[in-house]
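Okay, here's what each chain looks like letter by letter:
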Amino acid sequence: MSIADFQPAIWTSSSNSALKISLVSDNAIQFSPVFTYPIYGDSEQIYGYQDLVIHLAFDSVTFKPFVNVKYSAKLDEGRDDVEGRLLSFLPKDDVVLKDEAKWVDCFQKEQETYKLPPQDCLIDEYLLDGEAFAVYRTKVTDPSTKELHRRIQIFSLLFIEAASYIDQDDPNWEIFWLFSKDHKQCIGYVTTYKLWHYTGSASFDQPENIKYRARISQFIILPPYQGKGHGSHLYEALFSHWIKDDSVTEVTVEDPNENFDDLRDRKDLQRLYENRFFNQVAKDGEVSQEWIESNRMRYKIEKRQFNRLVEMIMMHNNS
Ligand code: ACO
């Protein structure tokens, strides 16, 4: 070995580049994470390996996980525990390590009995390019999807900034699942939380009248399925569900990013347009707070978002 072989840069890899995620069905689709800092630290770098590749694969139906770490050389001392760190974010005793044939055998067996959530959890269905998709709502504690959530939740860390794992024992968390009906593949999911909304002493004294704010926490369409309209369908399914639910007063979103804001604006504006709300917005900008508040509550949109939408509609009406 020469002196150059001991330079730290040679032994340092970007964790975002080294981690390769695959979704496997008849073929495998591979993609990279956007964030790995929750797993490998703020610098998103891994020390102690050369030519490091971390394969993290999932069967696209059961999401049975597979991990295989490869490298051409490793340091004997001081190297990061690549595999151990990743495993600490995956369900214990569920991951198949290195033995690909065993993994394939495991998920094929699981697929034989794998079922979508029960029919009473179904909240919406749609067709896209001739394929049927369905949205289901389950509690995080629901046994029918608990295992799937344990396996899939790492996608929130890898694709949503500042995401963290939710408390799987708190029944106030609900998950909205989007599945391909024909292939039983999970296309995306949304974690949501119902926050108690104090609306005055009259309703406080009547438990059957308790009101909630519905909060969208983590919203994700898995990378191979993005940009096809699924996110828009899923968001609309959630919103329609909450509009019908009398206990929900408004829909809020936790830390939306730019892409989500864009999707949300488009769908909220479309809903308001279809409800002929555009015609009710004055051109001259003279709107009272009472008018804004009563319409906001009618459409269950949070304050800041509703004000933005009204501004956009005014600009549209004046153009
Ligand atoms: N063909 C081509 N393009 C289409 C089609 C179609 N049939 N349908 C929609 N599109 C376009 C839309 O017009 C839109 O284009 P634009 O971005 O130029 O406006 C784009 O595709 C995205 O719309 P959808 O397909 O409905 O959205 P998608 O399914 O990709 O979901 C989302 C969007 C949720 C942001 C997804 O990209 C994602 O999960 N990203 C990673 C995680 C993430 O960032 N989540 C949000 C974090 S914030 C939070 O969680 C609260």
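Now for a description of the structure that goes with this document. On a predicted model such as this, the values are computed, not experimentally measured, just so you know.

Around the ligand lies a shell of 24 residues, among which I221, G227, G229, G231 and S232 are the nearest. G231 places a main-chain nitrogen or oxygen 2.8 Å from an oxygen atom of the ligand. For the ligand, whose free accessible area comes to 990 Å², the fraction covered by protein is 68%. Judged by the fraction of its atoms near the pocket grid, the ligand is located in the largest pocket. Put simply, the parts of the chain that give the shell around the ligand at least two residues each are β14 (211–221), α8 (230–244) and α9 (258–274). Broken down by class, the residue content of the shell around the ligand amounts to 9 nonpolar, 10 polar and 5 charged.

Strand order in this open sheet of 6 strands is β10-β11-β12-β13-β14-β15, and the pairing throughout is mixed. Edge positions in the sheet fall to β10 (122–128) and β15 (248–253), since each of these pairs with one other strand and no more. Within this sheet the neighbouring strands show an average axis-to-axis angle of 25 degrees, counted without direction. Sheet strands touched by helix α5 (residues 143–152): β11 (131–139), β12 (173–180) and β13 (186–197). Its angle to β12, the strand with the most contacts, is close to 85 degrees. α8 contacts β10, β11, β12, β13, β14 and β15 of the sheet and is inclined by roughly 170 degrees relative to β14.

In this section: the side chain of S232. Tracing the backbone through its elements, the reader meets S232 in helix α8. The residues touching S232, leaving out its near neighbours within four places in the chain, are L263, R266 and K267.

A few words now on the packing of aromatic side chains. Overall, the coordinates contain 23 aromatic pairs when judged by the stated rule. Aromatic pair Y126 and F133: ring centres 5.5 Å apart, planes at 25 degrees, arrangement stacked. Of the two residues examined, Y126 and F133, each falls in the buried class. Ring pairs connect the aromatic residues F31, F58, F63, F155 and F159, which therefore count as one cluster. Positioned above the aromatic ring of Y212 is the side chain of K194, whose terminal nitrogen or guanidinium carbon lies 5.2 Å from the ring centre. We note R271 situated over the ring of F239; from NZ or CZ to the ring centre the distance is 3.7 Å.

Within the structure shown, the criterion is met by 22 salt bridges. D80 serves as the salt-bridge partner of R85, at 3.5 Å between the closest nitrogen and oxygen. Between E250 and R296 there is a salt bridge, and its shortest N-O distance comes to 2.7 Å. Separated by 46 residues along the polypeptide, E250 in strand β15 and R296 in helix α10 (residues 289–299) bring together distant segments of the chain.

This paragraph deals with the packing of α10 against helix α11 (residues 303–318). α11 packs onto α10 with a crossing angle of 110 degrees between their chain directions and a minimal axis gap of 10 Å. Here α11 runs roughly perpendicular to α10, going by the angle between their axes. Along this stretch, α10 crosses α11, giving a crossing that reads as right-handed. Contact with α10, carried on its side by I292, E293, N295, R296 and Y299, involves K303, F306 and N307 of α11 and no other residues of that element. Residue composition of the contact of α10 with α11, by class: 3 nonpolar, 2 polar and 3 charged.

Before going further, it helps to spend a moment on the pairing of strand β6 (residues 53–59). Among the 7 residues that make up β6, 5 are buried, leaving the element largely enclosed by the rest of the structure. In terms of strand pairing, strand β2 (residues 19–24) meets β6 through 6 bridges, oriented parallel. Bridge pairing links K20 to H55 in β6. Looking at chain direction, β6 and strand β7 (residues 65–70) are connected through 6 bridges and run antiparallel. By the bridge assignment for β7, A57 is matched with F66. Linking β6 to β7, which pair antiparallel, is a turn of 5 residues; within it F63 sits at a positive phi near 60 degrees.

Here the largest pocket is characterised by a volume of approximately 850 Å³. What lines the largest pocket is a set of 34 residues, and nearest its centre among them are F159, I160, F219, N257 and F260. It is β14 that contributes the most residues to the lining of the largest pocket, 6 residues altogether. A class-by-class count of the residues in the lining of the largest pocket yields 18 nonpolar, 10 polar and 6 charged.

If you look at the biggest cluster of nonpolar residues, it comprises 82 residues, and the most contacted ones within it are I54, L86, F155 and I216. In this view, I216 contacts V190, T191, T192, Y235, L238, W242, V251, T252, V253, E254 and F260; residues no more than four positions away in its chain are not counted. Listed in part, the 6 residues of the second largest apolar core include A57, V96, W103 and F107.

The rules behind each value
Residues numbered from 1 in each chain as written. Predicted model: local features only at pLDDT ≥ 70, side-chain atom pairs only at ≥ 80, totals over all residues. Heavy atoms only, no water. Near = heavy atom within 4 Å. Polar contact = N/O pair within 3.5 Å; in protein donor to acceptor, adjacent residues only side chain to side chain. Areas by Shrake-Rupley, 256 points an atom, 1.4 Å probe, with all protein chains shown as cover. 1 Å grid on protein atoms, 1.4 Å probe; cavity = no way out; pocket = protein on both sides within 12 Å on 5 of 7 lines; lining within 4 Å. Sits in = over half its atoms within 2 Å of the grid points. Helix = DSSP H or I, 4+ residues; strand = E, 2+ residues; numbered from the N terminus. Nonpolar A, V, L, I, M, F, W, Y, C, P; charged D, E, K, R; others polar. Pairing = 2+ DSSP bridges. Axes fitted to C-alpha atoms, helices over the stretch in contact; angles between N-to-C directions. Contact = heavy atoms within 4.5 Å. Phe/Tyr/Trp six-rings, centres within 6.5 Å; stacked < 30°, edge-to-face > 60°. Buried < 20%, exposed > 50% of the residue type's maximum accessible area, 1.4 Å probe, protein only. Lys NZ or Arg CZ within 6 Å of the ring centre and 35° of its normal. Salt bridge = Lys/Arg side-chain N within 4 Å of Asp/Glu carboxyl O. Parallel < 35°, antiparallel > 145°, perpendicular 65-115°, else oblique. Left-handed = near helix turned anticlockwise from the far one by under 90°. Points joined across faces, edges and corners; volume = space filled by probe spheres on them. Core = buried A, V, L, I, M, F, W, Y, C linked by side-chain atoms within 4.5 Å.

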